[in-house]
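# Structure assessment
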Amino acid sequence: MGPHPPVPVLSVSPYRAAQERLTQEIWCLNRGRLIRGDAFVDPFLDKLGEDERRCLTLLARIPPTLHPALLDIQARLLAAGRAFAYPATSFHCTIRGIYDYGKYTRVASDIREIGEILSRLIADLPPITLHFQGVNCTRSAIYVQGFYDQPTLGLFRHAIGESLARFHVAPLPTLDVDIDFAWVNLLRFAQTDAVALVGA
């Protein structure tokens, strides 16, 4: 799996160009780790019924009209190697992690208040257009990249953190940059040898 060449466009915003450079760096970093056998395999992938971990996440579901294209990419990747495939009903973009696995301990009243705060923030959020382009990887998953032309989503993620600071929510991933992007997970690695998948 190589970073597929971007579809030619006349021009992109400086923000989107920065996103594309960032994701290329992520690809090079994580592919190198995977080739060295440094994939992370979730211990519950083959025993989902025993997984009692809980997290709290704000996400956006992917419209069913996009499912066939995502399933096609997923099938081509699975032809190259074994992995856990996300069902189409699970396709989503993570907007913001609120509580990570193992730290979902808030009482019902806190969760209700968090929901009310998020509802107010969402009501003020302008429309965001995502451009899905290319496939990338982490140490544990393969995903489709989503780009956008303005930092609206990144600012929204920071606003959530600020508005929920007193609830001690999960920090944003540290990228040491002032840009971010969206993603839709397609596969989770089922074995530490992921060379076939990242070479597909």
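Data block above holds the structure.
So, here's what we can say about the structure. (Residues numbered from 1 in each chain as written. Predicted model: local features only at pLDDT ≥ 70, side-chain atom pairs only at ≥ 80, totals over all residues. Heavy atoms only, no water.)

### Overview of the pairing of strand β5 (residues 141-147)
The buried fraction of β5 amounts to seven of the seven residues, a majority that puts the element mostly inside the structure. Strand direction decides the pairing type here: strand β4 (residues 131-137) and β5, joined by five bridges, are antiparallel. Bridge pairing in β5 links Cys137 to Ile142. The hairpin formed by β4 and β5 contains three residues between the paired strands. (Buried < 20%, exposed > 50% of the residue type's maximum accessible area, 1.4 Å probe, protein only. Helix = DSSP H or I, 4+ residues; strand = E, 2+ residues; numbered from the N terminus. Pairing = 2+ DSSP bridges.)

### A look at unusual backbone geometry
Of note, His168 is a non-glycine position whose phi angle comes to about 55°, a positive value. Structurally, the position occupied by His168 is in the loop between α4 (152-163) and β6 (182-189).

### Some thoughts on the side chain of Arg16
Within the secondary structure, Arg16 is located in helix α1 (residues 14-35). If near-sequence neighbours (up to four positions away) are discounted, Arg16 is found in contact with His131, Gln133, Phe147, Tyr148 and Asp149. (Contact = heavy atoms within 4.5 Å.)

### Concerning the nonpolar core
Phe91, Ile98, Ile142, Ile160, Leu164 and Phe189 are the most contacted members of the largest nonpolar core, which totals 39 residues. Of all the elements, β6 adds the most residues to this core, at five residues. Listed in part, the five residues of the second largest apolar core include Leu22, Tyr143, Phe147 and Phe181. (Core = buried A, V, L, I, M, F, W, Y, C linked by side-chain atoms within 4.5 Å.)

### As for the pattern of salt bridges
For the coordinates displayed, the defined rule picks out five salt bridges. Residue Glu20 is joined to Arg16 by a salt bridge in which the shortest nitrogen-to-oxygen separation is 3.3 Å. Of this pair, Glu20 and Arg16 both sit in helix α1, separated by four residues, roughly a single helical turn. We classify Arg16 as buried; its relative accessible area is 7%. (Salt bridge = Lys/Arg side-chain N within 4 Å of Asp/Glu carboxyl O.)

### Looking at helix α2 (residues 67-78)
With twelve residues, α2 extends 16 Å from end C-alpha to end C-alpha; this agrees with the ideal 16 Å at 1.5 Å per step. Within the sequence span of α2, burial applies to His67, Leu70, Gln74 and Leu77. In a view along the axis of α2, the buried residues occupy a sector of 90°, so they form one face of it. Residues of α2 that are exposed and angled more than 90 degrees away from the buried face: Pro68 and Arg76. Elements in contact with the buried residues of α2: β2 (83-85), β5, β6 and α5 (195-198). (Expected span 1.5 Å × (residues − 1). Arc of directions from axis to C-beta.)

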